[in-house]
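Chain residues, written in single-letter form:
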Amino acid sequence: MDSLSAAEARRVGLAAQGFSNAPRLRRRRPFDAALDALHVLQIDSVNVFARSHYLPVFSRHGGYDAAALDRHLWRDGEFTEYWAHEAAFIPVRDRALFGWRMGEFRDRYRRDGRAEALAPTIDQVRSALASDGPQFVRELEDGPRSGRGPWWDWSDTKLAVEMLFAWGEVAAAGREGFQRRYALAEQVLPAEALQPVGREEAQRALVEQAARSLGVATLADLADYHRLKPADARAAVQGLEEQGALIPVAVSGWLRGDGSPETAWLHRDARVPARLAPDALLTPFDPVVWFRPRAERVFDFHYRIEIYTPKEKRRYGYYCLPLMVGGRLAGRIDLKADRPRKPGERGALLVQAAWMEDRAPARTAETAVSLLANAARWQGLDAVRVTGVGNLPLPASFDAA
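Just so it is clear, the model here is predicted, and its values are computed rather than measured.

Colleague: Help me understand the pairing of strand β3 (residues 79-83), please; the structure alone is not making it clear to me.
Modeller: Every other side chain in a regular strand lies on the same face of the sheet, so the side chains alternate between the two faces. Counting buried positions over the five residues of β3 gives four, a clear majority of the element. Relative to strand β4 (residues 87-91), β3 runs antiparallel, the two sharing five bridges. Looking across to β4, one finds that T80 is bridged to I90. Linking two consecutive strands that pair antiparallel, namely β3 and β4, is a turn of three residues.

The following block contains the structure:
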């Protein structure tokens with residue numbers, strides 16, 4: 001069995017995720033490099049600093065026009081939304097790989113009775129979309145928030161359209177802010193995206209894509225990337241290993257709970273950079289950290305998001321962004337954008353907490369200042385103000401220029 005050192009495995013993973021030592025956007029099709037490496041771009045509603053799906057490109061390439069990414073995701077017809085990890089943008093060409101998941105959603109809602117209970121509303125939604133085309137939920141509602149249900153206070157209409165989305169009958173046709181616009185799938189997607197791929201073939205393709213995006217990974221890592229069951233991922237890994245697409249490797253320090261070596265697989269196209277030491281601020285939903293056991297194994301970084309933790313029990317902050325310095329996760333910074341409310345006002349990026357790890361590199365504070373200034377400029381803010389707690393020594397304020 002081949003072997004990798006822990007440092008080599010870390011560099012393999014960062015390279016596979018699209019990080020480089022020269023993070024420049026291409027002039028032509030600037031987002032391809034990051035989106036191809038990620039495969040899924042997770043969506044989240046929290047907007048205290050920037051919506052999560054904008055951050056992975058910033059983390060890998062620096063400042064860019066977020067409106068240009070919106071146009072790329074929505075207007076070129078190459079991307080759509082589905083439950084790929086959580087809610088995420090995925091390439092349209094790969095939507096068919098989730099046909100088995102759509103079938104599972106349909107079976108689940110039939111078994112638990114929700115499909116039957118909402119059948120009249122589901123029929124109304126289908127009819128409205130068929131006759132009037134893409135619509136927001138507010139346009140589909142029969143009266144003001146009629147028939148509210150217990151699930152997140154969603155109305156019956158919202159429940160019905162989300163059920164159809166999970167089944168694959170309905171697809172996203174754009175967003176306004178964070179509100180999704182819905183359409184019948186055949187109204188907005190090409191025919192090949194509507195033909196489900198067989199379960200085994202699809203899951204094998206998804207596991208291989210996960211391996212490409214991770215570079216080197218354990219079974220649990222590969223299963224989590226597109227949220228497969230471990231048994232399904234194991235079957236796919238076996239087939240991919242037999243094909244030569246995945247190569248078993250031993251990674252120094254990667255251990256099971258009982259202390260025995262953890263088997264990992266290297267994708268055959270993965271590269272092992274001699275040097276890779278990027279600096280970056282990451283979204284909490286970046287694939288580098290979204291599977292917490294992998295973040296601990298690869299980076300020795302214990303990370304939990306504290307959005308749902310009561311304020312008095314938070315240790316690090318509401319929405320801490322992991323801080324990468326020299327290819328290592330060296331800290332976490334809780335950010336909030338204080339945007340101008342009137343013309344002529346200056347906006348600022350508020351650092352509500354800033355923490356560094358015990359083994360953080362000596363240049364961590366210096367790097368954090370540079371990254372925070374870049375982040376403020378990217379968001380059109382003039383300055384950075386440090387208002388909170390933490391052990392990362394930062395100036396009280398500095399310009400973003």
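We are not done yet, so read on.
Colleague: Would you mind going over the pattern of salt bridges with me for this structure?
Modeller: Pairing is possible between side chains that carry opposite charge, provided their charged atoms lie close to one another. Scanning all chains against the criterion turns up 30 salt bridges. Taking the shortest distance from any N to any O, the salt bridge between E169 and R126 comes out at 2.8 Å. Linking E169 in the loop between α9 (156-167) and β6 (170-176) with R126 in helix α7 (residues 119-132), this pair joins segments that are 43 residues apart in sequence. The salt bridge involving R332 is made with E357; its shortest N-O contact spans 2.7 Å. Taken together, the positions of R332 in strand β13 (residues 328-338) and E357 in the loop between β14 (348-356) and α15 (364-378) put the pair 25 residues apart, joining distant regions of the chain. Here the salt bridges share partners, and the residues they tie into one network are E81, K158, E162, R175 and R180.

Colleague: When you look at the packing of α7 against α9 in this model, what are you seeing that I'm missing?
Modeller: Helix packing geometry: the angle between the two helix axes and the distance between the axes. Where α7 contacts α9, the axes come no closer than 9 Å and their chain directions differ by 70°. When the axis of α7 is compared with that of α9, the two are roughly perpendicular. Note on element contacts: α9 touches α7 through D156, T157, A160, V161, M163, L164 and W167, opposite T121, I122, V125 and R126. Taken together, the residues that form the contact of α7 with α9 break down as seven nonpolar, two polar and two charged.

Colleague: Would you mind going over the sheet that holds strand β5 (residues 135-136) with me for this structure?
Modeller: Across the sheet, three strands lie side by side as β5-β7-β6; this open sheet has antiparallel pairing. Looking at which strands have only one partner, the edges of the open sheet turn out to be β5 and β6. Bridging between β6 and strand β7 (residues 179-184) involves five bridges; their strand directions are antiparallel. If you follow V170 over to β7, its bridge partner there is L184. Where α7 meets the sheet, its contacts fall on β5, β6 and β7, and the angle it forms with β7 comes to roughly 80°.

What counts, and where the lines are drawn
- Residues numbered from 1 in each chain as written.
- Predicted model: local features only at pLDDT ≥ 70, side-chain atom pairs only at ≥ 80, totals over all residues.
- Heavy atoms only, no water.
- Buried < 20%, exposed > 50% of the residue type's maximum accessible area, 1.4 Å probe, protein only.
- Helix = DSSP H or I, 4+ residues; strand = E, 2+ residues; numbered from the N terminus.
- Pairing = 2+ DSSP bridges.
- Salt bridge = Lys/Arg side-chain N within 4 Å of Asp/Glu carboxyl O.
- Axes fitted to C-alpha atoms, helices over the stretch in contact; angles between N-to-C directions.
- Parallel < 35°, antiparallel > 145°, perpendicular 65-115°, else oblique.
- Contact = heavy atoms within 4.5 Å.
- Nonpolar A, V, L, I, M, F, W, Y, C, P; charged D, E, K, R; others polar.

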